[in-house]
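# A look at the structure
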Amino acid sequence: MELRKYITKRIIQIIIIFFVILTVLFLLFRLAPGDPVSMMVDPDMTQEDAEMLIVQLGLEQPLGMQYLIYLKNFFTGHFGFSFHYGDPVVDIIWDRLPNTVLLFTTSIILSALVGVFLGKIASWHKGKKVDSIMTIGALVTHTVFLPWLALILIWIFAYKFGWFPINGMISEEVWLDPEAGFISRALDVMYHMVLPLSTLFLIHFGAYLLIMRSSMLETLKEDYILTARAKGLEEKVIRDHHAAPNAALPVVTSVGLSLAFSINGGALTETVFTWPGIGRELVSSVSQNDYPLAQACFLMIAGVVLISNLVVDVLYAYLDPRIRY
Amino acid sequence: MALLEVDNLSIGYNTKKGYLKAVEKVSFDLEAGASLGFVGESGCGKTTIGMALMGLLPPNGSVKEGRILFEGKNTLEMTDEELRKIRWREMAMIFQAAMNALNPVQRVGNQIAEAILVHDPSVEKDQAMDQVENLFRLVGIPLDRLRDYPHQYSGGMKQRAVIAMALACRPKLIIADEPTTALDVIVQDQILGEIKELQKEFDLSIIFISHDISIVAHMCDHIGVMYAGQLVECGPREGVFESPAHPYTKALLSSFPTVTGKRSDLIPIPGETPNLVVPPHGCRFCDRCSGPEASCSTEPPQWVEIAPGHRALCCRC
Amino acid sequence: MRKGNAMSVMNPSRKRPCSRWVVILACAAMLITGSLFTVSPASASNLLKMGLLQEPKTLNVWRASDRWSRKVLGLMYQPLYVRDPETLKLIPWLAAGPPLFDEKTLSYTVKIRPAKWSDGTELTSEDVAFTGRFINKFKVPRYRSKWRFIKKIETPDKQTVIFFLKEPKAIFVSRSLTTPIVQKKEWTALIEAARKTKKPLKKLLNEKIKRPVSSGPFVLKEWRQGAYLYLQKNEHFFGTGKKIQGRLLGPYIDGIIFKIFGTSDASILALKKGSIDMFWWGIQPGYIEDLRANPDIALFQNEKSALYYMGFNVRKAPFNDANLRRAIATLVDEDFIINRILQGYGIRMYSIVPPGNAFWYCPDVPRYGEGLDREGRIKKAFGILSDAGYSWDAPPVDGSGKVVKGEGIKLPDGSPMEKFTILTPPADYDPHRAMCGMMMQEWLRMVGMPAYSKPMAFGALLQQVKLRHEFDAFILGYGNLSLDPDYLRNFFISTNDKRRGWNMSGYNNPHFDKIANRSASEMDREKRRKLIWEMQKIIIGDVPYIPLYDPKLIEAVRKGRFTGWVQMLGGVGNIWTFCQLKPR
């Protein structure tokens, strides 16, 4: 019952935040310098052509009217038409979203699991070689410049060794082959996912490792760990059943928080690997002043962040009875 | 043979300032069913002794010399695994900070059952839970709180749960380190009463550690007074209280008009406890003693037998 | 002495094998997936694999506003006339012969070839007429201005179209008749649907064309958005087996697969690795040495029809003075820009029209500072400015004729010249233009002008220059100028000096306007050339724009699988290449 009330409260908060974001986004794009039409025209086009484009894109309307249309488009779930694609924005988003979700959630889950696992080990061997190697490794990969790392991985594993494709999400050889079934197509996607996933993983797992490590070290000082030890429990049980669940709580929060920050890295990774996701669409639509698409991409990301924060909160409540009850 | 024989035990910690001699040359015996209370200011080494008995010294702590014979076996020579197996099963501990001694993300009942299960693989989970129910009845926690989490308990209930946990494996020895410090006075009295009853009922040996001499007096039939890492006086309760020999014991007792009278906190004795990294060569209480002799600060004091079983570490006695 | 550590349980002596296993498993998984999928780069069928920097946005030919869509659409939708790769003259493509002009009725008659749509139906004069009428009827942006002067279109028979013009228009052949022709049948159906909506044009432009019916050498086979676009050889292509301009047309390849790379780095790696046969985009000078050393790669160097220039805001002081602009033109060292900034991969521009566009390019325009060294340039500019009444606190040329650092330049009216900015795109968008801005700043400061080069995000720059007209000077460029020089008129005619207008400088010269308007309606090519030359002379005389350079286009292809690349202005990625490319 308590949990339900808590979730309801959080959902109401999220809806309010979402509307603030909705409005801020609209203003941000309209006030930011740049003119969508100027970027679409070439010297063959006359003034008249440009004016027609403006009307066609709905940019001749006063700002207030544009905002109302924007709200209407949002509430009808339509989001308008992309300036460049001409397709309904919602179609484009739905087409790209699964790709981003696939890459992103896999990388977050993988890096969180591995980070927590390694952080646990590092804390257990505090001050030893294992710990130093892991800590330094985590710091290095976490702070490295992402596009650089991505290009290095491409250069080594895709170009020099030729183990993986340079970029993309699928290869035409497999998808054009009428005999290729679901399994080989799924494998093809996984095969293409290895490098972008590794990039995101390398960038993110270090943070989880470091958080888990310091959290573990704090937890190990707690009295209940002493109790557990006095009870004569095995070390493994103490570490995995008593220390780790408590120590993992801050990691769960940080997954939620880091999600918002890792969008940036996601967009870069998608761009470098030409992964057909929201992040890449976001980068290109912003640079081309494709307002409807860029707004929808931002909204989608804001939505994903808000919802995943909610999930994290609920998960936290589930993991920590002090919040649940 | 005594249940527990501690012989010439010295323990120290590696600290940034140097090797800190937390406990020095402490010897005592404990018979089955008997109770021994250690009393002294904080930092005098009484908790360190408790931890050493359990084999739970922190990583920077080490036993320098001495023996701990539990039922005739030296626990200091046991492997980690052997030690792990006698822990809780033979000797359990009620911790100083009972408030935090329970894992916040596990149900209280499960935490107690865990102790039973780990030491007796033949017990099924259900049986263990039945035993936990019995323990709850014993310490007076309502059975419907079995599946609660620690934060749902009051302070007194947590303390009772910790006691129940200590009793889970029917140990021969329980080390109770300040078990009631964080509780209010009424709950404190109830809990102490319960511990005493349980001791009788199960014929437990108890080592009771406290800075509060009145509690120790109330709980134990033998008393050990500790000062600056040394046991300075020990003997039967009556002997120590009626004819204290060591000036420190006297100073402690002077704060208490009667043994069973109104309790108050220890009145601080003027002066400071000595530095344990570089302890004084002579008597450690010398600087704060009311009537030291010239030799006190130069010669280490020797044990003096006051009465049978009652001795003190003072050259003036 | 015994250590308490031995009994402390904080440090288990047992090693945990789990971590090691994770590493081993991860490595194994990588190797297995890696070896499973090592696909041979050269696949069996002869599909040309083409790298694109961005994905085409749409296959709706009327909507396409990005160059990637248009590159791909250009292989499907065909116009009546195209450029010959050598002479650059317009030659009949879908048309069977040159357009016949009748001065009396102001009409053009075009015969079209027997041709078929990709769905097998016949391509007739009806389709051509429909395309023109459709553009006019719905006022299709981008094409409307090329067709609005058409009064009516007649189709006396299936192979003949007659276009009646309202007024003489020089651009009719080069612009109107190069419009891609669409199928009447397909679009009539779409119009029916669009008519029912409130905004039919919007509906038509946003129409998603899943299966474009086209007439070019290739047709769409499959487009998997975000991954690849597969064009297949068009079995109904009208040119197959025919000789046009002495070239026997194919296509000889089975199809083209376009793959998207996002960055030049990734594309060039893919090219080197053999995942693609060609990267359809200019190679930056930085990559050229590496590619040149690669035996599998062939590089092509071609001219572009491009113009990179510095423009002034001539609406206000100080750049409303042509003398000041001429002095600046004198100070610009184009050779330095080309040799140092472009590392030699560029062509000197003297006029607004690139020299590669030989017919329209006027070689006879004023050449400021040609052949002078820096001192000579400063002296000459000093001369121009002094004669025009400019003065200095410390003139850049002292009494003895020595060049020194000039300071405190004053306008002819005696007021000091205020700080002015040269807006450039940022270095990450175009390092060359940003660098040019910096050089201009230094050169102008030598004579005491308070010049400040300011890189600005591209969108914001366009907004300042084109919409708000709030700027002093800027450096911009056109990477793909049409070969018909009508843009000269567009850029400098006074009627285009308005919000979003093409006359960004605000140049206003009634004499120029008159000639420009005459050039637009002059139907005789030779006579028009005279006018166009005259316009170039006026503009370079007044220098609202200083032409800086025309970068060369370097393209890279793999040698191994295909031959027959056709080089022409604008690079090897042209319709002729795709019709003539043969597997080795």
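Rules and cut-offs
- Residues numbered from 1 in each chain as written.
- Chains lettered and ligands numbered in written order.
- Predicted model: local features only at pLDDT ≥ 70, side-chain atom pairs only at ≥ 80, totals over all residues.
- Heavy atoms only, no water.
- Helix = DSSP H or I, 4+ residues; strand = E, 2+ residues; numbered from the N terminus.
- Rg over C-alpha atoms; globule rule 2.2 N^0.38 Å.
- Buried < 20%, exposed > 50% of the residue type's maximum accessible area, 1.4 Å probe, protein only.
- Contact = heavy atoms within 4.5 Å.
- Areas by Shrake-Rupley, 256 points an atom, 1.4 Å probe, with all protein chains shown as cover.
- Lys, Arg positive; Asp, Glu negative; His and termini not counted.
- Charge placed at Lys NZ, Arg CZ, Asp CG, Glu CD.
- Salt bridge = Lys/Arg side-chain N within 4 Å of Asp/Glu carboxyl O.
- Nonpolar A, V, L, I, M, F, W, Y, C, P; charged D, E, K, R; others polar.
- Phe/Tyr/Trp six-rings, centres within 6.5 Å; stacked < 30°, edge-to-face > 60°.
- Lys NZ or Arg CZ within 6 Å of the ring centre and 35° of its normal.
- Core = buried A, V, L, I, M, F, W, Y, C linked by side-chain atoms within 4.5 Å.
- Axes fitted to C-alpha atoms, helices over the stretch in contact; angles between N-to-C directions.
- Parallel < 35°, antiparallel > 145°, perpendicular 65-115°, else oblique.
- Left-handed = near helix turned anticlockwise from the far one by under 90°.
- Pairing = 2+ DSSP bridges.
- Domains from an automatic or database assignment.
- Buried area = accessible area lost by both parts, 1.4 Å probe.
- Polar contact = N/O pair within 3.5 Å; in protein donor to acceptor, adjacent residues only side chain to side chain.
- Expected span 1.5 Å × (residues − 1).

### Quick notes on the overall build of chain B
Scanning chain B for helices and strands turns up nine helices and twelve strands. Its C-alpha atoms give chain B a radius of gyration of 20 Å, within 12% of the compact-globule value 20 Å for 317 residues. For chain B, the C-alpha atoms occupy an extent of roughly 65 × 45 × 40 Å along the three principal directions. Within chain B, the fraction of its 317 residues that count as buried is 56%. If you take every contact in chain B between residues at least 6 apart in sequence, the share linking residues at least 24 apart comes to 64%. Total accessible area on chain B is roughly 13500 Å²; 51% of this is exposed by carbon and sulfur atoms. In chain B, which carries 31 positive and 40 negative side-chain charges, the distance between the mean positions of the two groups comes to 4 Å.

### Notes on the overall build of chain A
Helix and strand counts for chain A come out as 13 helices and zero strands. Reading the secondary structure of chain A in the N-to-C direction produces α-α-α-α-α-α-α-α-α-α-α-α-α. In terms of overall dimensions, chain A has a C-alpha envelope of 85 × 55 × 40 Å along the principal axes. Counting all 325 residues of chain A, 59% fall into the buried class. The long-range fraction of contacts in chain A, counting pairs at least 24 apart against all pairs at least 6 apart in sequence, stands at 73%. Distance between charge centroids for chain A: 19 Å, based on 22 positive and 28 negative side chains.

### Side note on the pattern of salt bridges
Residue and element names in this part refer to chain B. In total, this model carries 48 salt bridges over all chains according to the counting rule given. A salt bridge links Glu81 to Arg84, with the shortest nitrogen-to-oxygen separation between them at 2.6 Å. In this pair, Glu81 and Arg84 both sit in helix α2 (residues 80-86), three residues apart, roughly one turn of the helix. Exposure remark for Arg84: the relative accessible area of 10% places this residue in the buried category.

### Notes on helix α14 (residues 458-468) of chain C
All names here are of chain C. Within α14, ten of the eleven residues are buried, leaving the element largely enclosed by the surrounding structure. Residues of α14 that are buried: Phe458, Gly459, Ala460, Leu461, Leu462, Gln463, Gln464, Val465, Lys466 and Leu467. Buried residues belonging to α14 abut β21 (420-424), α13 (431-446) and β23 (473-478). Residue His469 follows α14 closely and has a positive phi angle near 55 degrees.

### A few points about the interface of chain A and chain B
By a widely used convention, the size of an interface equals the accessible area lost when the partners come together. Taken together, the contact pairs 22 residues of chain A with 25 residues of chain B. Across the chain A-chain B interface, the total number found is one salt bridge. For the side of chain A that touches chain B, the secondary-structure elements that each account for two or more residues are α9 (223-230), α10 (235-272) and α13 (321-324) of chain A. Residue classes in the side of chain A that touches chain B are distributed as ten nonpolar, five polar and seven charged.

### A short note on the packing of aromatic side chains
Inspection of the entire model under this criterion finds 61 aromatic pairs over all chains. On the basis of an interplanar angle of 50 degrees and a centroid distance of 4.7 Å, the ring pair of B:Tyr227 and B:Tyr248 is categorised as tilted. Within this pair, whereas B:Tyr227 is found in strand β9 (residues 222-227), its partner B:Tyr248 is found in helix α9 (residues 247-254), the two being separated by 21 residues in sequence. Just as B:Tyr227 is buried, B:Tyr248 falls in that class too. Among the aromatic residues, those joined into a ring-pair cluster are C:Tyr309, C:Phe471, C:Phe474, C:Tyr478, C:Tyr487, C:Phe491, C:Phe492, C:Trp502, C:Tyr507, C:Phe512 and C:Tyr545. Sitting above the plane of the C:Trp502 ring, C:Lys466 keeps its charged end 3.6 Å from the centroid. For the cation-ring pair, C:Arg525 lies above C:Phe359, with the distance from its terminal atom to the ring centre recorded as 3.9 Å.

### Regarding the nonpolar core
Ranked by internal contacts, the top residues of the largest apolar core, which has 143 residues, are C:Ile328 and C:Met449. With eleven residues, the top contributor of residues to this core is helix α12 (residues 291-319) of chain A.

### Remarks on the packing of helix α4 (residues 89-124) of chain A against helix α5 (residues 129-143) of chain A
Residues and elements named next belong to chain A. In the contact formed by α4 and α5, the axes pass within 8 Å of each other and the chain directions differ by 140 degrees. As far as their axial angle goes, α5 and α4 are oblique. The handedness of the crossing between α4 and α5 is left-handed. On α5, the residues touching Leu118, Ile121 and Ala122 of α4 are Val130, Asp131 and Met134. Taken together, the residues that form the contact of α4 with α5 break down as five nonpolar, no polar and one charged.

### Comments concerning the sheet that holds strand β1 (residues 4-15) of chain B
Read from one edge to the other, the open sheet built from four strands follows the order β2-β1-β4-β5 (chain B), with strand pairing classed as antiparallel. On the outer flanks of this sheet lie β2 (18-30) and β5 (73-74) of chain B, each paired with one strand and no other.

### Observations regarding the domain arrangement of chain A
All names here are of chain A. You can read the domains of chain A as domain 1 (3-75) and domain 2 (94-319). Relative placement of domain 1 and domain 2: their C-alpha centres are 31 Å apart. Counting residues at the interface gives 21 residues for domain 1, matched by 17 residues for domain 2. Taken together, both faces of the contact between domain 1 and domain 2 bury some 1700 Å²; the carbon and sulfur share is 76%. Our enumeration of links across domain 1 and domain 2 arrives at zero salt bridges. The tally of links between domain 1 and domain 2 comes to zero residue pairs in polar contact (both at pLDDT 80 or more). Only α1 (2-31) and α3 (63-75) provide two or more residues apiece to the side of domain 1 that touches domain 2. Looking at the side of domain 1 that touches domain 2, its residues break down into 17 nonpolar, one polar and three charged.

### Points about the interface of chain C and chain A
Facing 77 residues of chain C, the contacting portion of chain A comprises 67 residues. At the surface where chain C touches chain A, the tally comes to four salt bridges. On the surface where chain C and chain A come into contact, there are 13 residue pairs in polar contact (both at pLDDT 80 or more). Its residues placed into classes, the side of chain C that touches chain A shows 32 nonpolar, 20 polar and 25 charged.

### Quick word on the pairing of β9(B)
Residue and element names in this part refer to chain B. The buried fraction of β9 is high, at five of six residues. Judged from the four bridges that link them, strand β3 (residues 35-39) and β9 form a sheet pairing that is parallel. Residue Phe38 lies in a different strand from β9, and its bridge partner there is Gly224. Bridge count for β9 against strand β10 (residues 230-236) is six bridges, and the pairing is antiparallel. When the bridges of β10 are listed, Tyr227 appears paired with Gln230. The antiparallel hairpin formed by β9 and β10 contains two residues in its connecting segment, where Ala228 sits at a positive phi of about 50 degrees.

### Thoughts on α5(A)
Each full turn of the α-helix corresponds to 3.6 residues, which orients residues three or four apart in the same direction. Here α5(A) contains 15 residues, and its C-alpha end-to-end distance of 21 Å stays within 8% of the 21 Å for a straight helix at 1.5 Å per residue. Summarising the contacts, the buried residues of α5(A) are in contact with α4 and α8 (182-220) of chain A.

### Considerations on the sheet that holds strand β8 (residues 205-210) of chain B
Residue and element names in this part refer to chain B. Taken together, the eight strands give an open sheet; going across it, the order is β6-β7-β8-β3-β9-β10-β12-β11, and neighbouring strands pair in mixed fashion. Both outer strands of the open sheet, β6 (91-94) and β11 (303-307), are each paired with one neighbouring strand and no more. If you compare each strand with its neighbour and ignore which way they point, the axes differ by 20 degrees on average. In this structure, β6 lies alongside strand β7 (residues 173-177), joined through four bridges in parallel fashion. Bridge pairing links Ile94 to Ala176 in β7. Helix-sheet contacts for helix α5 (residues 155-167) involve β6 and β7, and the interaxial angle to β6 is about 175 degrees. In the packing of α9 onto the sheet, the strands contacted are β3, β9 and β10, and the crossing angle to β9 comes to about 105 degrees.

### Examining the side chain of C:Arg113
Residue and element names in this part refer to chain C. As for its placement among the helices and strands, Arg113 is situated in the loop between β5 (107-111) and β6 (115-116). Despite its burial, Arg113 remains without a salt bridge, the nearest opposite charge being carried by Asp84 at 11 Å. At a separation of 2.4 Å, a polar atom in the side chain of Arg113 contacts the main-chain carbonyl oxygen of Trp93. Beyond its immediate chain neighbours, meaning those up to four positions away, Arg113 contacts Pro92, Trp93, Leu94, Ala95, Ala96, Gln159, Phe238, Lys242 and Ile244.

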